[in-house]
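# Fold and contact review
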Amino acid sequence: WQETVNFVRKCEFAEIHCFAYSSRKGTVAAKMKQVDSAIKDERSHELLAISRELRDKYEAKFYGQEMEVLFEDYDAKSGYAYGHTKNYLLVKKKSDHSLQKTFDTVLYDENSKAD
């Protein structure tokens, strides 16, 4: 487990998709000694926390830069259009209408990043 944590930190992934392993009948892994479910949950939470930390670090590299955004969604209730940059940063921009399927340049910072 610690080797996995060290590897993930060394690679500085921008995002990690993780989920607890579950045994599949008939596979080689199903015959292996299983890890207690409490440990699986603890490790998933730890890896997700590391993922958030690394994501914040990755995003911070782009603060203050103008980024081209492809807008994909609009929330009329909040008045925000949402889209992604070429490097998959999720961005929001205040708008009174949908910007879906359009490109626009946005200054990437704490106010324009979308969670």
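The notes below deal with the structure included here. Quick caveat: nothing in here was measured; it's all calculated off a predicted structure. (Residues numbered from 1 in each chain as written. Predicted model: local features only at pLDDT ≥ 70, side-chain atom pairs only at ≥ 80, totals over all residues. Heavy atoms only, no water.)

## Examining the pairing of strand 3 (residues 90–94)
The cut-off we apply is this: Strands qualify as paired when DSSP identifies two bridges or more between them. Here a strand is any run of E in DSSP of at least two residues, a helix any run of H or I of at least four, and the numbering for each starts at the N terminus.
As defined by bridge partners, strand 2 (residues 80–85) adjoins strand 3 across five bridges and the pair is classed as antiparallel. Residue His84 lies in a different strand from strand 3, and its bridge partner there is Leu90.

## A few points about the packing of aromatic side chains
For any pair of aromatic rings, the description rests on two quantities: the centre-to-centre distance and the angle between the ring planes. Inclusion rule: In this scheme Phe, Tyr and Trp rings, the latter by its six-membered ring, pair at centre separations within 6.5 Å, and the angle between planes marks the pair as stacked below 30 degrees, edge-to-face above 60, and tilted otherwise. Categorising residues by exposure relies on relative accessible area from a 1.4 Å probe, with only protein chains included: less than 20% of the type maximum marks a residue as buried, more than 50% marks it as exposed, and the intermediate range marks it as partly exposed. We count a charge as sitting over a ring when the NZ of a lysine or the CZ of an arginine lies within 6 Å of the ring centre and within 35 degrees of the ring normal.
Taken as a whole, this structure holds four aromatic pairs when the rule is applied. With a centroid separation of 6.4 Å and 50° between ring planes, the pair formed by Tyr80 and Tyr82 is classed as tilted. Residue class for Tyr80 comes out partly exposed when judged on its relative accessible area of 24%. For the cation-ring pair, Lys92 lies above Tyr80, with the distance from its terminal atom to the ring centre recorded as 4.9 Å. One residue, Lys94, lies across the ring of Tyr80, its end atom 4.6 Å from the ring centre.

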